[in-house]
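Chain residues, written in single-letter form:
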Amino acid sequence: MTDRLNGITVFVTAVEAGSFALAASRLHLSRSAVGKTVARLEQRLGVRLFHRTTRSQSLTDDGALFYERCLRALEEIRTAETLLESGKRQVSGRLRVSMPVLFGRMCIAPLLTELMREHPGLELDLSFNDRVVDLIEDGFDLVVRNGALADSGGLVARRIGDHRMTLCAAPDYLQRCGEPYSIEQLAQHAAVTYSRAGVVRSWQLLEPDGTLREVMPSRRLQMDDLQAIADAATAGFGITWLPCWLVREQLLKGELVRLLRDRPGASFEVHALWPQTPHLPLKVRLAVDRLVSKLPPSLALVEKAL
């Protein structure tokens, strides 16, 4: 039984790391040991879990199905461990967490403050910042990041959810300028765009076959603050591309309208990261487990409501 669980842990880590080499680093094993463990698991199951080449790896259909089931099983085990450990002693001490400003304020902070309410000895120090902080140097216990991860050497990363983007505009703007019914027609419209360091971010939309198509909107009005973009779009300045969780209320109230529903925006992964350590502090484990259990359902409810 122990060997089976070890194989599942290695498999899940290999999926989340994106490569056997990075999984080996996180597990403090050799790349060869990771490869052999996965091979034994495939042999025992009688299926191929990964498509592997010299340059890349990706899950097979069987691998994706097995991964989802393994993830649920490991979550149950982690939850059980947390319950046992929290029963032995009270959580105490300060937990320093860095997170993106708006996403943190609207989606992460409510979950962590709820956790603090349940554990009187827990203190929270929440930092809202859109820059990529140095977790170790800046002294954070935990960080939350959206999108693709850069180099995370010395850190453990765990996927805690996904959030989807949507195209939208105010009814007033659509009455004046018409509604686009194809990606090509977007070029004829005013846009309110997000820029960082002077670079406008493209919009990424899904084609019917699931591939991503990048669209570069007009640059007449660009901002580096998502809330300001949402406000400008609501005021009728043009079409914008924003996270569903940010514009949920405006969409429900009819202040904004979703566009090109047959071309939904791309979804972006959300990760929690913390320093590698042989013994994960209980306060960090509880925080991560809370985010894993509560964030995906809350984001799914937002999308379902829209």
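Anything mentioned here points back to the structure above.
Residues numbered from 1 in each chain as written. Predicted model: local features only at pLDDT ≥ 70, side-chain atom pairs only at ≥ 80, totals over all residues. Heavy atoms only, no water.

Draft legend 1. Layout of the packing of aromatic side chains. Taken as a whole and judged by the stated rule, the model has 5 aromatic pairs. Geometrically, the ring pair formed by F11 and F50 is edge-to-face, given 5.6 Å between the ring centres and 65 degrees between the ring planes. A residue pair is termed long-range when its members are at least 10 positions apart, and F11 in helix α1 (residues 2–17) and F50 in strand β1 (residues 50–52) qualify at 39 residues. Residues F11 and F50 agree in their burial class; the two are buried. Judged by centre distance (6.2 Å) and plane angle (75 degrees), the rings of W241 and F268 are edge-to-face. Highlighted residues: W241 in strand β12 (residues 240–243) and F268 in strand β14 (residues 267–275), separated in sequence by 27 residues. Given a relative accessible area of 11%, W241 falls into the buried group. (Phe/Tyr/Trp six-rings, centres within 6.5 Å; stacked < 30°, edge-to-face > 60°. Helix = DSSP H or I, 4+ residues; strand = E, 2+ residues; numbered from the N terminus. Buried < 20%, exposed > 50% of the residue type's maximum accessible area, 1.4 Å probe, protein only.)

Draft legend 2. Region of the structure containing the packing of helix α7 (residues 226–234) against helix α8 (residues 244–253). Running from N to C, α7 and α8 cross one another at 25 degrees; their axes reach a closest spacing of 11 Å. As far as their axial angle goes, α8 and α7 are roughly parallel. As α7 runs across α8, the sense of the crossing is right-handed. Note on element contacts: α8 touches α7 through L246, V247 and Q250, opposite L226, Q227, A230 and T234. (Axes fitted to C-alpha atoms, helices over the stretch in contact; angles between N-to-C directions. Parallel < 35°, antiparallel > 145°, perpendicular 65-115°, else oblique. Left-handed = near helix turned anticlockwise from the far one by under 90°. Contact = heavy atoms within 4.5 Å.)

Draft legend 3. View of the pairing of strand β6 (residues 155–169). Of all 15 residues making up β6, 11 are buried, and the element is well covered by its neighbours. In this sheet, β14 lies alongside β6 in antiparallel orientation, the contact comprising 9 bridges. Bridge assignment links L155 to a residue of β14, and that residue is P275. Relative to β12, β6 runs antiparallel, the two sharing 4 bridges. (Pairing = 2+ DSSP bridges.)

Draft legend 4. Spotlight on the pattern of salt bridges. Scanning all chains against the criterion turns up 11 salt bridges. A salt bridge links R131 to D138; the shortest N-O distance between them is 3.7 Å. You can call D138 partly exposed: its relative accessible area is 28%. Bridged by salt links that share partners, the residues E114, E118 and R290 form one connected network. (Salt bridge = Lys/Arg side-chain N within 4 Å of Asp/Glu carboxyl O.)

Draft legend 5. Representation of the sheet that holds strand β8 (residues 199–200) within the structure. As summarised here, the arrangement of the 3 strands in space is β8-β7-β11, forming an open sheet in which the pairing is mixed. Every other strand in the sheet has two partners, leaving β8 and β11 (221–223) as the edge strands with one partner each. Examined bridge by bridge, strand β7 (residues 192–196) and β11 share 3 bridges and lie parallel to one another. Bridge pairing links Y194 to M223 in β11. Set on the sheet, α7 makes contact with β7 and β11; between it and β7 the angle comes to about 165 degrees.

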